[in-house]
Amino acid sequence: MGRLSIHKLAEWKREDRRFAMLTAYDYAMARLVEQAGAPVILVGDSLGTVMLGHDSTVPVTMDDMLHHTKAVVRGTKRCLVVADMPFMSYQANPDEAVKNAGRLLQAGAGAVKLEGGSEMAPLVRRMVSAGIPVMGHLGLTPQSVNQFGGHKVQGKTPAAAARIIGDARALEEAGAFAIVLETVPAPLAKMVTERIGVPTIGIGAGVDCDGQVQVLHDLLGLFDDQRQFRHAKRYAVLGEAIRGAIREYVAEVEEGAFPTEEESFPMTEETLTELRQGASTPA
Ligand code: KIV
């Protein structure tokens, strides 16, 4: 059985079948995400914040994306792996953009995702005609966070909402196979979902999108000591579980309770005696 194809997602849209996408950025987590049944993995540029500790996705580079995409691909066999195009890898020069998207596919991704609406349509068309499947991303596009002035809900006015609907249509016409809708009012996401023929994937966009996406670290509660985004749901509190395990390890090392015989390797009495006798004679 090969990887999930973009055609399967189109089929699911026609069948009204919902699906989950989840981010992953490394081999171990990608394996777990696939084993747990998520059909699509996004190697999001959110890795800039959750893996690399940056304040935003803006500092993420092509090298970062290639490194993490390769690890995720190695950890999966069936998932469709979508790799984010990082800030300034596609905005400045269309030739450069197609080359960079091609590098992500050569790293093993099955598709790339880029942010932006109608203004990106010519580039999407060009990438698609070069054989590169493209996922769009509208609404709160994190690479433009400096322009938005923070993480604010997008598409709240009639004009802004109409622009998002028009952008979704333009991306679909240009050949995008799916569109992420981030932090937009739920009724607007429903409207977009009903009006376009490719799947919408929501994050903070209500329940009526065809798919949903979450950032893995939010879902697992790895940052349980930080404020959670409203759109994110903690399905576990692994931050505390991990701290608890590490606390126990540190305490056992300090007390001399780890390692026990169970985690140690023995030596026969005979070898030991020989060694002790030999140890008195320098080699
Ligand atoms: O980078 C990312 O994780 C994303 C999702 C929030 C859609 O783009």
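In what follows, the structure referred to is the one given above.
About the criteria used
- Each chain carries its own residue numbering, running from 1 in the written order of its sequence.
- It should be noted that, the model being predicted, local features are given only for residues of pLDDT at least 70 and side-chain atom pairs only at 80 or more, the latter also being counted only at that level, while totals for whole chains, interfaces and linings use all residues.
- The basis for every side-chain value is the complete set of non-hydrogen atoms in the structure, without hydrogens or water.
- Secondary structure counts use DSSP, requiring at least four H or I residues in a row for a helix and at least two E residues in a row for a strand, with both numbered from the N terminus.
- Think of it in three bands: residues with accessible area under 20% of the maximum for their type are buried, residues over 50% are exposed, and the middle band is partly exposed, with areas taken using a 1.4 Å probe on protein chains only.
- We call two residues in contact when some of their heavy atoms are within 4.5 Å.
- As used in this structure description, the phrase polar contact means that two N or O atoms lie within 3.5 Å; if the pair is within protein, one of them must be able to donate a hydrogen and the other to accept it, and residues adjacent in sequence are counted only when both atoms belong to side chains.
- To estimate the expected span of a helix, count its residues, drop one, and scale the result by 1.5 Å.
- Read the arc as the range of directions from the helix axis to the C-beta atoms.
- By convention, a stacked pair of Phe, Tyr or Trp rings (six-membered ring in the case of Trp) has centres within 6.5 Å and planes under 30 degrees apart, an edge-to-face pair has planes over 60 apart, and any other such pair is tilted.
- A pair of strands is treated as paired once DSSP finds two or more bridges between them.
- Working convention: axes come from line fits to C-alpha atoms, limited for helices to the stretch in contact. Angles between N-to-C directions cover 0 to 180 degrees.
- Here a residue counts as near a molecule or strand whenever at least one of its heavy atoms sits within 4 Å of it.
- Only the protein chains shown count as cover for residues, with accessible areas throughout obtained via the Shrake-Rupley method and a probe of 1.4 Å.
- A pairing counts as a salt bridge when a side-chain nitrogen of Lys or Arg comes within 4 Å of a carboxyl oxygen of Asp or Glu.

K.L.:
I tried to follow the environment of tyrosine 25 on my own but got confused; where do I start?
P.N.:
Residue placement: tyrosine 25 occurs in the loop between strand S1 (19-23) and helix H2 (27-35). Tyrosine 25 gets classed as buried once you look at its relative accessible area, which sits at 2%. As for tyrosine 25 and threonine 69, which are separated by 44 residues in sequence, their C-alpha atoms are 6.9 Å apart. Not counting the four nearest positions on each side in its chain, tyrosine 25 is found in contact with Gly44, Ser46, Leu47, Val50, Met51, His68, Ala71, Val72, Val215 and His217. Separated by 2.9 Å, the side chains of tyrosine 25 and threonine 23 make a polar contact. Polar contacts involving the side chain of tyrosine 25 include one to the side chain of serine 46, which spans 2.7 Å.

K.L.:
Just checking my understanding: could you explain helix H4 (residues 62-74) for this structure?
P.N.:
The α-helix winds at 3.6 residues per turn, so residues separated by three or four positions along the chain end up facing the same way. Its 13 residues give H4 an end-to-end C-alpha distance of 18 Å, which sits within 8% of 18 Å, the value for a rise of 1.5 Å per residue. Within H4 the residues assigned to the buried category are Met62, Met65, Leu66, His68, Thr69, Ala71, Val72 and Val73. Taken together, the buried residues of H4 touch H2, strand S2 (40-43), helix H3 (47-50), strand S3 (80-84) and helix H5 (94-106).

K.L.:
What's the story with helix H9 (residues 186-195) in this structure? I'm lost.
P.N.:
All of the buried residues along H9 are Leu188, Ala189, Val192 and Thr193. Here the buried residues of H9 occupy an arc of 140° about the axis, which is enough to place them on one side. The exposed residues of H9 that point more than 90 degrees off its buried face are Pro187 and Glu194. Packed against the buried residues of H9 are helix H1 (6-15), helix H8 (158-174), strand S6 (178-182) and strand S7 (200-203).

K.L.:
Just to check I follow, could you spell out the packing of aromatic side chains for this structure?
P.N.:
The geometry of an aromatic ring pair is captured by two quantities: the separation of the ring centres and the angle between the planes. Applying the stated criterion across every chain yields a total of 2 aromatic pairs. Judged by centre distance (5.8 Å) and plane angle (70°), the ring pair of tyrosine 249 and phenylalanine 258 falls under edge-to-face.

K.L.:
Help me out: how do you make sense of the sheet that holds strand S8 (residues 211-214) in this one?
P.N.:
Strand pairing in a sheet takes place through backbone hydrogen bonds and is either antiparallel or parallel in direction. Spatially, S1-S2-S3-S4-S5-S6-S7-S8 is the arrangement adopted by the 8 strands of the closed barrel, whose pairing is parallel. In this sheet, adjacent strand axes meet at a mean angle of 25° when their direction is disregarded. In terms of strand pairing, S6 meets S7 through 4 bridges, oriented parallel. Note on S7: the bridge partner recorded for glutamate 182 is isoleucine 203. Here H4 sits on the sheet in contact with S2 and S3, set at roughly 155° to S2. The sheet contacts of H5 involve S3 and strand S4 (111-113), and relative to S4 the element is tilted by about 130°.

K.L.:
Sorry, what's going on with the site of the ligand here?
P.N.:
Surveying the vicinity of the ligand reveals 13 residues, the closest of which are Gly44, Asp45, Ser46, Asp84 and Lys113. The contact in question runs from an oxygen atom of the ligand to an N or O atom on the side chain of aspartate 45, over 3.0 Å. Between the ligand and the protein, one listed contact pairs an oxygen atom with a side-chain N or O atom of lysine 113 at 2.9 Å. For the ligand, the protein covers 96% of the area, taking 250 Å² as the surface of the free molecule.

K.L.:
Is there a simple way to explain the environment of glutamate 194 in this structure?
P.N.:
Within the secondary structure, glutamate 194 is located in helix H9. Separated by 86 residues in the primary sequence, glutamate 194 and glycine 108 have C-alpha atoms spaced 32 Å apart.

K.L.:
Just to check I follow, could you spell out the pattern of salt bridges for this structure?
P.N.:
Pairing is possible between side chains of opposite charge, provided their charged atoms come close. Overall, the coordinates contain 9 salt bridges when judged by the stated rule. Between arginine 78 and glutamate 34 there is a salt bridge; the shortest N-O distance is 3.8 Å. You can see arginine 78 sitting in the loop between H4 and S3 and its partner glutamate 34 sitting in helix H2, a full 44 residues away along the chain. Two residues, glutamate 240 and arginine 243, come together in a salt bridge whose shortest N-O distance is 2.9 Å. A residue pair is termed a helical-turn pair when its members lie 3 or 4 positions apart in one helix, as glutamate 240 and arginine 243 do in helix H11 (residues 238-255) at 3 residues.

K.L.:
Explain unusual backbone geometry to me, please; I cannot follow it from the model alone.
P.N.:
Backbone torsion omega between phenylalanine 258 and proline 259 reads 0°, so that peptide bond is classified as cis. Tracing the backbone through its elements, the reader meets proline 259 in the loop between H11 and helix H12 (269-280). At methionine 88, a position not held by glycine, the phi torsion is positive, near 70°. The topology assignment puts methionine 88 in the loop between S3 and H5.

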